[in-house]
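Spelled out from the first residue to the last, the chains are:
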Amino acid sequence: MVRVVLLAVYLAVVAGLAGILETGAEDVYMEATRPDFQKIPIGVLGFRDGGEQDPTGERAADVLKADLRRSLVFSVADLLKLGIRLNGKLDGKESVDKKTFQSALEQGISVLVWGKFAAREADLLMDGFVYDGGTGDVVADRRYIGTASVLRQMAHRFADELVFRYTGEQGIARTKIAFVSELNNSREVFIMDYDGYGARQLTADGHLNLMPRWSWDRRYLIFTSYRARTRQFIDMIEVATGKRWTLVSFTGLNITPALSPDGNHLAFATSQDGNSEIYKMDTNTKAFQRLTFHQAGDLSPTWSPTGREIAFTSDRGGGPQIYVMSADGSNIRRLTFEGDYNAAPVWSPRGNWIAYVCRTPEHQFKLCLISPDGQKRVRITSGPGVDDSPSWSPDGRHLVFSSTAEGKSHIYIVNSDGTELERITSGGVAHTSPSWSPI
Amino acid sequence: MRTRYPATALAALLGVLILLGAGCGKSIQANSGSKSYEPGARRDVTTASMRTTSPTGGAMSSGSRQLEAGRQPDMMARSGDTGSEAGIEPLSSSAPMPSLSSIDTAGPGVSGKRSDEQRVPGELLVAKSEPADTSRRRVEEMQREQIATAAAGLEDVFFTFDSWQITNEGKQTLMLDAEWMKANPARAVTIEGHCDERGTLAYNLVLGEKRAKAVQTYLMELGVSTRQVGVVSYGKERPFCKEHDESCYQKNRRGHLVLRGE
């Protein structure tokens, strides 16, 4: 009987997800809050590592739980509170007794995961197991191997596999965030995990290095460099080797690079014509094409996921506002009318929203979303401080941005409906310009 | 992500298979085989694609000076005309310019029954790129310029919020600056446009440039030679004052005159 009910739940979940996946540009729901979306209750029993206190296991479980929560696919049950715990030794696939499964099922938890750690020569082995109430069986076990330094990555990978197993979508637990840190008078590019761990420095030249953007294969970052006096180059750096190329070297400011969805064009703003205009460069032939022709400042291009349209900031109407044009520069229309300062647009990878920085009537700079037809608009952050540089997660369910809400600028992530705001950087150094990597 | 329908179909198929219980493991595994998500495999796809595009890349970079940033700094000569303008040349790594076309990567593995161990690679390799000599020289040059500027007594001009109009007070200041410039025709200044911390990073860069260019234009109207005045915008990235109040904002909305080295 339980099995039949679960069957129905499963079909509903799968159908619901299919709905999200197929609606495409017409969908104006905010995915994170789709009223018909039922999160899958999941319990993380824990990871045994052989020791008394299981510090490795606890860390892995914490990383996994946080990933599952951020996936917005699962609701992570508090098993201890429900009295569901590991009995005896938990060291393999058969180590959880039927009573534990039964007890979890009765409390509505349809998926249980656990695992164990072991050492093998210099490596750490992590086994992960998935019990599924739908089949009443352990339906998957995985083994990950790596050095102890990749413990978090193992848990991230397990989380992504769970997300894929239950949704058919790729999880974001192994994505990265590029950002800029203030070091003395310079700004250097760094990379960290999507949860703020494992930050590493990429540039170290003592100049301003601003607004990094990822290539689609995550091998390169494209950013503005102040290493010369008369112009600011758009450079590209290979993450693994530090090799650098210059993509744009016009006289003046060359800023806000944005790769088209097919990677064949780089849109950016340059002031070589006297004021800031949007150009695009064919990344294969290096041919340039000017897209805007206006004495006002045009900047911050962002591509629609189809590659057919580009949204951008322009102050042609006075203060900065968001405009949309076709990718050849035609059909320019103004998108935002509310408020006197709207800038830094970024088009959602799902196509249904454009996030941007909006100035509130209280003169705070916060994050807003607007649908590309201008019909729906919503502000998703509030409070003091300047929110800046929003960037979408590749699943379109989260945004990363910088904010001075707590004094110094730090990096935050937030669900696209404004819930679950989470600061992911700390310390006394200002961090700005985050950019979420592709999957 | 881009191929949504097959992913959906796979999800639905999976859901059904999971429910059918016994024996489903093998079917899932069969599905997962083609979608195995191994970074190693993904790298191979990328490499293969890079290989096919490398002839184009090679042709593109063949005409330009080659520099492997940080490793062969000697190959980076100073730019031709002004000895002090270091690092002005575009960088072109010795490797061919890579293709940026998006490559449709394989999806992640579906966790069916375990087939193989997955090696989780050492973290994403990040090379800290050491500065080229030209970058170092430019930093030193900027420090010397600061000292020279302080000695010359050139005054800065200030702006109101979100504006690049030169105020009457600013015009008075610039008249004095222009006198100095005309009396020292061999010297040149860079006008730095700065903004307060409000507003976005990107828009402030553009606003800072408008301020710098407004100052440049006014100095030229006063008879200063074009050759003597360059501009750069720092937006809100190089504030003079770091408090979060109006008196501080006021100090940061400025056109800052920096005397270049002789």
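Up top is the structure these notes are about.
Residues numbered from 1 in each chain as written. Chains lettered and ligands numbered in written order. Predicted model: local features only at pLDDT ≥ 70, side-chain atom pairs only at ≥ 80, totals over all residues. Heavy atoms only, no water.

Caption draft 1: A look at the overall build of chain A. Within chain A, the regular secondary structure consists of 4 helices and 29 strands. In chain A, which comprises 439 residues, the proportion classed as buried is 64%. Relative to all contacts within chain A whose residues are 6 or more apart in sequence, the contacts with residues 24 or more apart total 41%. With an accessible surface of roughly 15,100 Å², chain A has 50% of that area assigned to carbon and sulfur atoms. (Helix = DSSP H or I, 4+ residues; strand = E, 2+ residues; numbered from the N terminus. Buried < 20%, exposed > 50% of the residue type's maximum accessible area, 1.4 Å probe, protein only. Contact = heavy atoms within 4.5 Å. Areas by Shrake-Rupley, 256 points an atom, 1.4 Å probe, with all protein chains shown as cover.)

Caption draft 2: Main features of helix 2 (residues 55-71) of chain A. An ideal rise of 1.5 Å per residue puts 24 Å on 17 residues; helix 2 of chain A measures up with 24 Å between its terminal C-alpha atoms. At the exit of helix 2 of chain A stands L72 of chain A, carrying a positive phi of roughly 65°. (Expected span 1.5 Å × (residues − 1).)

Caption draft 3: How the structure looks around the state of the cysteines. Per the stated rule, a full pass over the model turns up 2 disulfides over all chains. Between the sulfur atoms of C358 of chain A and its disulfide partner C368 of chain A the distance amounts to 2.1 Å. Taking the sign of the S-S torsion, about 75° here, the bridge from C358 of chain A to C368 of chain A comes out right-handed. Placement of the pair is C358 of chain A in strand 22 (residues 354-359) and C368 of chain A in strand 23 (residues 365-370), with a sequence separation of 10 residues. You'll find C358 of chain A and C368 of chain A in the same group, each marked buried. Put simply, C241 of chain B and C248 of chain B are joined by a disulfide, and their sulfur atoms are 1.9 Å apart. Here the S-S torsion is close to -120°, and the disulfide linking C241 of chain B with C248 of chain B is therefore left-handed. Residue C241 of chain B shares its accessibility class with C248 of chain B, and that shared class is buried. Free of any disulfide, C195 of chain B has its nearest neighbouring cysteine sulfur in C248 of chain B, separated by 14 Å. (Disulfide = S-S within 2.5 Å.)

Caption draft 4: Focus on the environment of R238 of chain B. With respect to the helices and strands, the residue R238 of chain B is situated in the loop between strand 4 (229-235) and helix 7 (246-252). A relative accessible area of 13% means that R238 of chain B is categorised as buried. The spacing of R238 of chain B and T173 of chain B is 65 residues in sequence and 22 Å in space, taken between C-alpha atoms. The contacts of R238 of chain B, once residues within four sequence positions are left out, are N185, R187 and L208 of chain A together with M142 and H194 of chain B.

Caption draft 5: Representation of the sheet that holds strand 1 (residues 118-119) of chain B. Read from one edge of the open sheet, 6 strands run 2(A)-1(A)-3(A)-4(A)-5(A)-1(B), paired in mixed fashion. Looking at strand neighbours, the two that pair on one side only are strand 2 (74-76) of chain A together with strand 1 of chain B, the edges of this open sheet. Across 10 bridges, the pairing between strand 3 (residues 111-120) of chain A and strand 4 (residues 123-132) of chain A is antiparallel. If you follow W114 of chain A over to strand 4 of chain A, its bridge partner there is F129 of chain A. Of the strands in this sheet, strand 1 (40-48), strand 2, strand 3 and strand 4 of chain A touch helix 2 of chain A, which is tilted by about 165° from strand 1 of chain A. Of the strands in this sheet, strand 1, strand 2, strand 3, strand 4 and strand 5 (137-146) of chain A together with strand 1 of chain B are in contact with helix 4 (residues 151-167) of chain A, which crosses strand 4 of chain A at around 25°. (Pairing = 2+ DSSP bridges. Axes fitted to C-alpha atoms, helices over the stretch in contact; angles between N-to-C directions.)

Caption draft 6: Structural context of unusual backbone geometry. Not every positive phi belongs to a glycine, and T256 of chain A is a case in point at roughly 50°. Along the polypeptide, T256 of chain A turns up in strand 13 (residues 252-259). The backbone phi angle of D162 of chain B is positive, close to 60°, even though this residue is not glycine. Structurally, D162 of chain B is set in the loop between strand 2 (157-158) and helix 5 (168-183).

Caption draft 7: The arrangement of the packing of aromatic side chains in detail. One pass over the structure, following the stated rule, counts 19 aromatic pairs over all chains. Seen in terms of ring centroids, F401 of chain A and Y412 of chain A are 5.8 Å apart; in terms of plane orientation they differ by 25°. Their pairing is stacked. You can see F401 of chain A sitting in strand 26 (residues 398-403) and its partner Y412 of chain A sitting in strand 27 (residues 410-415), a full 11 residues away along the chain. Just as F401 of chain A is buried, Y412 of chain A falls in that class too. An aromatic cluster is built from F101, W114, F129 and Y131 of chain A, whose rings are joined through pairwise contacts. Above the face of the W164 of chain B ring, K210 of chain B is positioned so that its terminal group lies 4.0 Å from the ring centre. The ring of F240 of chain B is capped by R254 of chain B, whose NZ or CZ atom sits 3.6 Å from the centre of that ring. (Phe/Tyr/Trp six-rings, centres within 6.5 Å; stacked < 30°, edge-to-face > 60°. Lys NZ or Arg CZ within 6 Å of the ring centre and 35° of its normal.)

Caption draft 8: Focus on the pattern of salt bridges. Taken as a whole and assessed by the stated rule, the structure comprises 39 salt bridges over all chains. In this structure, the salt-bridge partner of D340 of chain A is R359 of chain A, at a minimum N-O distance of 3.0 Å. Of this pair, D340 of chain A sits in the loop between strand 20 (333-334) and strand 21 (342-347) while R359 of chain A sits in strand 22, placing them 19 residues apart in sequence. One salt bridge connects K236 of chain B with D388 of chain A, and the closest N-O pair in it is separated by 3.8 Å. Taken together, the residues span two chains, with K236 of chain B in the loop between strand 4 and helix 7 and D388 of chain A in strand 25 (residues 387-392). Of the residues examined, K236 of chain B reaches a relative accessible area of 18% and is grouped as buried. For D388 of chain A, a relative accessible area of 4% puts it in the buried group. Among the charged side chains, a network of salt bridges with common partners joins E169, R350, D395 and R397 of chain A. (Salt bridge = Lys/Arg side-chain N within 4 Å of Asp/Glu carboxyl O.)

Caption draft 9: Quick look at the pairing of strand 22 of chain A. Residues and elements named next belong to chain A. The element strand 22 is extensively covered by neighbouring structure, given that 6 of its 6 residues are classed as buried. Because side chains alternate across strand 22, one face comprises the buried residues I354, Y356 and C358, and the other comprises A355, V357 and R359, equally buried. Pairing analysis gives 4 bridges linking strand 21 to strand 22, with the strands arranged antiparallel. Across the sheet, residue W347 finds its bridge partner in strand 22, namely I354. Connecting the antiparallel pair strand 21 and strand 22 is a turn made up of 6 residues, with G351 showing a positive phi of about 90°.

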